[in-house]
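Observations on chain architecture
This is what each chain is made of:
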Amino acid sequence: MRRPKPRQSLTRKKRRLQEAEEIELLDSWIEAMKPASGTNPLAVTPPPPSAPAGRLPGAGGGFSPYAGCKLFSQLPISRRTKDGLARKYTEMSEIQRASLPHSLCGRDILGAAKTGSGKTLAFIIPVIEKLYKARWGPEDGVGSIIISPTKELAGQLFEELKTVGKYHTLSAGLLVGGRKDVDAEKQRVNTLNILVCTPGRLLQHMDETPNFDCSQLQVLVLDEADRILDHGFREQVDAIISQIPRVRQTLLFSATQTKSVKDLARVSLKDPEYISVHAESVTATPERLKQLAMIVPLEQKLNMLWSFIRRHLKSKILVFLSSCKQVKFVYEAFKKLRPGIPLKCLHGRMKHDVRMAIYLEFCQSTSVLFSTDVASRGLDFPAVDWVVQVDCPEDIPTYIHRVGRTARFTSDGRSVLFLTPSEKEMLKKLQSAEPKIPILSREPRKEKLEQISARLSSLLVQYPEMQQLAKRAFVTYLKSVHLQKDKEVFDVTKLPLEEFAASLGLAITPKIRFINQKKKGQKVLVEAVHEQEDGIDDSYKVANRKPQSSVKLNEEPEEDDILLPKKTIIDEEGNRDAEPGTRVLKKKKLKINVHRPVGTRLKYDEEGNIMPPLAAAIAGPESGNAVLRTDKGDRHPSLRL
Ligand code: ADP
Ligand code: MG
């Protein structure tokens, strides 16, 4: 990476001396200003400047020595990080102000702050600082792992890491599933210092990459921690944790934080700082977010969505549906009906490259993106005007994360949730949530509703492949409702099947096998009969699979075919068959070749070719790794932590 100009003329020795001096200074600054555990600079106002320093109620009291600090420049962080930050950021957000004083002194953090409030920097800064101060180099191997639940979010974290780490000499890599160049990645992964990854791909490297070694790991970060720690990732995360050192710093961040002591025990947090900057906040969602809910009969949902899009042709709209089959159908059908605004779709069955391209395109353009929950967590799409939840979220955290794709940082945003009459209970649950979710119920304006069922019917006649898509959308929707855990909200027997099928343009209602429950005279959905043609039974079998002894790690991404309840959600890499019990744990030590001649370290470009030292500058998200690194010169291994 390039350094700021004035430093370029310094000799390597001088630079190293300067670094050593800076690190010493930073360490003593951090030590002198150490906030007492439990203090939050946002919670109390600083004492008058005249108060004698020795009597500051810092240690043990409620006052944090960082109480007045609002700028990144006021923190004990390196010049290089400050220079990186200054390219984009000056003032800290609340979660950054509250957590950085603690994380910079090496404490574990359990951080909760609303969507869009700047949690990413709250972990990227301490990661970079910790490794910088330990004078980490390529021969030290992996110093930090940052885990994200989706590839897109991992890509975004990686971009932020490159911004803040621009002037550092650390190397970093993006390791996510679905990328084809895993072999090239294996060659380079051992020289990377910071890994930004999804759980499946990381585990693949732990299993398959020769000499892959995390035994020196300093900092583990789980972004969207509650999601990473829930059942969907359980096996993978446990396998990962079993292969990294227990003594390390652990940083967990999310907008909806896990409160499960068991979960926290799994990642062995040590006396963590519980930082919840919005705990006293009146609302759980961003204040500038205006939220609406509407009761929309199932058979009117598409009419409502179409009419909504037609009325908002100048807006950037993110639409959530509950399965990839629905996303595909609605996207293809609406595209053919030409609403007058570009349409895009995103789901876990798409190839990695396409997924990334669509994500980036949506960042840049005014369009409508139809998506599954693959886009519900963490993604920072700039300037989304509307989040439309066509299908009911499975629970309150999912609702909060979906609407959190708009009204980010200081922007405004609006959201609307469609609920079928039988899902009214969800509105009550949202309205009685603590902290509050200020969601208003609004009657849909029927006079503005454009009917598109007839147009869909003729589309299905014209394009036979649309027939199949419509059928699959129908069946997977019902199945997703059937599989939902919260039975107070989701009841498939209350849904008007024929009307729903007709609303998708289907002339005949696809057959669903029902059992008549004589006692209540009610119908209960047992199983869809379209398994083979729909291919939906994969996920169902997975949901009910028996433990297997083999570890399948090379599958293409195969995210939520349908929105399964969390305990059965398949991660986006399809690596759900990993069984920790079958794994042989590695305990290898990293070999450092202290005799290696100075200046002979190799750098690789995206194709794996050897590069000249300073050419190893930033690579794009697609290149994935070997990025932050430049030649750092000889460094004494004994300086390592
Ligand atoms: P979260 O993880 O809390 O949902 P992000 O870290 O994705 O939020 O940040 C949301 C947006 O706010 C991003 O576009 C980011 O660049 C911006 N942001 C974060 N911190 C700051 C800051 N201190 N000053 C200005 N913008 C910031
Ligand atoms: Mg985030």
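This section reports on the structure supplied with the text. Because the structure is a prediction, the values reported are computed rather than measured. (Residues numbered from 1 in each chain as written. Chains lettered and ligands numbered in written order. Predicted model: local features only at pLDDT ≥ 70, side-chain atom pairs only at ≥ 80, totals over all residues. Heavy atoms only, no water.)

**Considerations on the packing of aromatic side chains**
Basically, it comes down to this: For this analysis, a ring pair means two rings from Phe, Tyr or Trp (six-membered ring only for Trp) whose centres lie within 6.5 Å, classed as stacked if their planes differ by under 30 degrees, edge-to-face if by over 60, and tilted for the remaining angles. By definition, any uninterrupted DSSP run of H or I lasting at least four residues is a helix, any uninterrupted run of E lasting at least two residues is a strand, and each is numbered from the N terminus. Think of it in three bands: residues with accessible area under 20% of the maximum for their type are buried, residues over 50% are exposed, and the middle band is partly exposed, with areas taken using a 1.4 Å probe on protein chains only. Whether a charge sits over a ring depends on NZ of Lys or CZ of Arg being within 6 Å of the ring centre and within 35 degrees of the ring normal.
One pass over the structure, following the stated rule, counts eight aromatic pairs. Each ring, one from phenylalanine 308 and one from tryptophan 386, has its centre 4.9 Å from the other, and the planes form 85°; the classification is edge-to-face. Within this pair, whereas phenylalanine 308 is found in helix H12 (residues 301-311), its partner tryptophan 386 is found in strand S12 (residues 386-389), the two being separated by 78 residues in sequence. The burial state of phenylalanine 308 is the same as that of tryptophan 386; both residues are buried. Relative to phenylalanine 381, the ring of phenylalanine 362 has its centre 5.0 Å away and its plane inclined at 80°; by these criteria the two rings are edge-to-face. You can see phenylalanine 362 sitting in helix H14 (residues 352-364) and its partner phenylalanine 381 sitting in the loop between strand S11 (368-371) and S12, a full 19 residues away along the chain. Accessibility assignment for this pair places phenylalanine 362 and phenylalanine 381 in one class, buried. Here the aromatic residues Trp306, Phe334 and Phe370 are joined through ring pairs into a cluster of three or more. Residue placement shows lysine 336 over the ring face of tyrosine 463; its charged tip is 4.8 Å from the ring centre.

**What about H14?**
Note the following rule: Multiplying one less than the number of residues by 1.5 Å gives the expected span of a helix. Here, the arc refers to the directions that run from the helix axis to the C-beta atoms. We call two residues in contact whenever any of their non-hydrogen atoms come within 4.5 Å of each other.
Between its first and last C-alpha atoms H14 spans 19 Å; for 13 residues at 1.5 Å apiece the expected length is 18 Å, and the two agree. Looking only at H14, the buried set comprises His352, Arg355, Met356, Ile358, Tyr359, Phe362 and Cys363. Down the axis of H14, the smallest arc covering the buried residues is 165°, so these residues share one side. Tucked inside the fold, the buried residues of H14 contact helix H6 (151-164), strand S9 (317-320), strand S10 (343-346) and S11.

**So, the sheet that holds strand S6 (residues 249-254)**
Rule in force here: Only strands that DSSP links by at least two bridges are regarded as paired with each other. Axis geometry follows a simple rule: fit a line to the C-alpha atoms, using only the stretch in contact for helices, then measure angles between N-to-C directions, giving values from 0 to 180 degrees.
The strand order across the open sheet formed by seven strands is S3-S4-S2-S5-S6-S1-S7, and the pairing between neighbours is parallel. Sheet topology places strand S3 (172-175) and strand S7 (273-276) at the edges, where each strand pairs with a single neighbour. Here the strands of the sheet are splayed against their neighbours by 10° on average, with no regard to which way each runs. Of the pairings in the sheet, the one linking strand S2 (residues 144-147) to strand S5 (residues 219-223) comprises four bridges and is parallel in character. Its bridge partner lying in S5, serine 144 is registered against valine 219. Relative to the sheet, helix H4 (residues 94-103) contacts strand S1 (109-112), S6 and S7, its axis offset from that of S7 by approximately 170°.

**Thoughts on the pairing of strand S8 (residues 289-295)**
With five of its seven residues buried, S8 lies for the most part within the structure. Taken together, the seven bridges between S8 and strand S13 (residues 413-419) define a ladder with parallel strand orientation. Counted as the bridge partner of methionine 294 is phenylalanine 418 from S13.

**Structural notes on the side chain of serine 117**
Defined as follows: Polar contact is defined as a pair of N or O atoms within 3.5 Å, subject to the rule that within protein one atom must be able to donate a hydrogen and the other to accept it, and that residues adjacent in sequence are counted only when both atoms are side-chain atoms.
Relative to the assigned elements, serine 117 resides in the loop between S1 and helix H5 (119-133). Within polar-contact distance, the side chain of serine 117 engages the backbone oxygen of lysine 114 at 2.6 Å. For serine 117, the contacting residues outside a window of four places in its chain are Ser93, Ile95, His278 and Phe409.

**Quick word on the environment of leucine 153**
Structurally, leucine 153 is set in helix H6. Along the backbone, leucine 153 and threonine 198 are 45 residues apart, and their C-alpha atoms lie at a distance of 9.1 Å. Other than its neighbours up to four places away in sequence, leucine 153 contacts Ser148, Asp223, Glu224, Arg377, Gly378 and Leu379.

**What about the nonpolar core?**
The criterion, for reference: Grouping buried Ala, Val, Leu, Ile, Met, Phe, Trp, Tyr and Cys residues that are joined through side-chain atoms within 4.5 Å yields what is termed a nonpolar core.
Counting 130 residues, the largest nonpolar core has Leu305, Phe329, Phe334, Phe370, Phe381, Val388 and Phe474 as the members making the most contacts within it. A per-element tally of this core places helix H18 (residues 464-483) first, with nine residues. Those residues in contact with phenylalanine 381 that sit more than four places away from it in its chain are Leu318, Tyr359, Phe362, Cys363, Leu369, Ala375, Arg405 and Arg408. Within the second largest apolar cluster, 30 residues are counted, among which are Leu192, Met206, Cys214 and Leu264.

**Digging into empty space enclosed by the protein**
Operational definition: In this analysis the probe radius is 1.4 Å and the grid spacing 1 Å, with only protein atoms considered; a cavity is a set of points the probe fits into but cannot get out of, a pocket is an open set with protein on both sides within 12 Å along at least five of seven lines, and lining residues have an atom within 4 Å of a point. Grid points are joined across faces, edges and corners, and a volume is the space filled by probe spheres set on the points. Polar here means any residue other than Ala, Val, Leu, Ile, Met, Phe, Trp, Tyr, Cys and Pro, which are nonpolar, and Asp, Glu, Lys and Arg, which are charged; Gly is therefore polar.
As enumerated under the stated definition, the model contains four cavities of 30 Å³ or more in all. Computed from the structure, the second largest cavity encloses a volume of approximately 120 Å³. Lining the second largest cavity are 14 residues, and of these Leu302, Leu321, Gln326, Phe500 and Leu504 sit closest to its centre. Broken down by element, the lining of the second largest cavity gets its largest block of residues, three residues, from helix H13 (residues 324-337). Looking at the lining of the second largest cavity residue by residue, the classes come out as ten nonpolar, two polar and two charged.

**Comments concerning the pattern of salt bridges**
Just so we agree on the cut-off: What makes a salt bridge here is a side-chain nitrogen of Lys or Arg within 4 Å of a carboxyl oxygen of Asp or Glu, nothing more.
Enumeration over the complete set of coordinates arrives at 30 salt bridges. Ionic pairing is found between aspartate 183 and lysine 186, a salt bridge with its closest N-O pair at 3.8 Å. You can see aspartate 183 and its partner lysine 186 sitting in helix H7 (residues 182-189), three residues apart, about one turn around the helix. According to the relative accessible area criterion, aspartate 183 is exposed, its value standing at 53%. Assessed through its relative accessible area of 17%, lysine 186 is described here as buried. Where glutamate 425 meets lysine 428, a salt bridge forms, and the shortest distance between an N and an O atom there is 3.5 Å. Residue glutamate 425 and its partner lysine 428 are both found in helix H16 (residues 424-431); the two are separated by three residues, about one turn of the helix. A cluster of three or more residues bridged by salt bridges with shared partners is formed by Glu19, Arg80 and Arg135.

**Regarding the sheet that holds S10**
Taken in spatial order, the seven strands line up as S10-S11-S9-S12-S13-S8-S14 in an open sheet, and their pairing is parallel. In the strand order of this sheet, the two ends are held by S10 and strand S14 (439-441), each with one partner. Sheet twist, expressed as the mean angle between neighbouring strand axes with direction ignored, is 20°. Looking at chain direction, S10 and S11 are connected through four bridges and run parallel. Residue pairing across strands places leucine 343 opposite valine 368, the latter belonging to S11. Sitting on the sheet, H12 touches S8, S9, S11, S12 and S13, and the angle it makes with S13 is about 160°.

In short, shape yes, function no, at least from these values alone.
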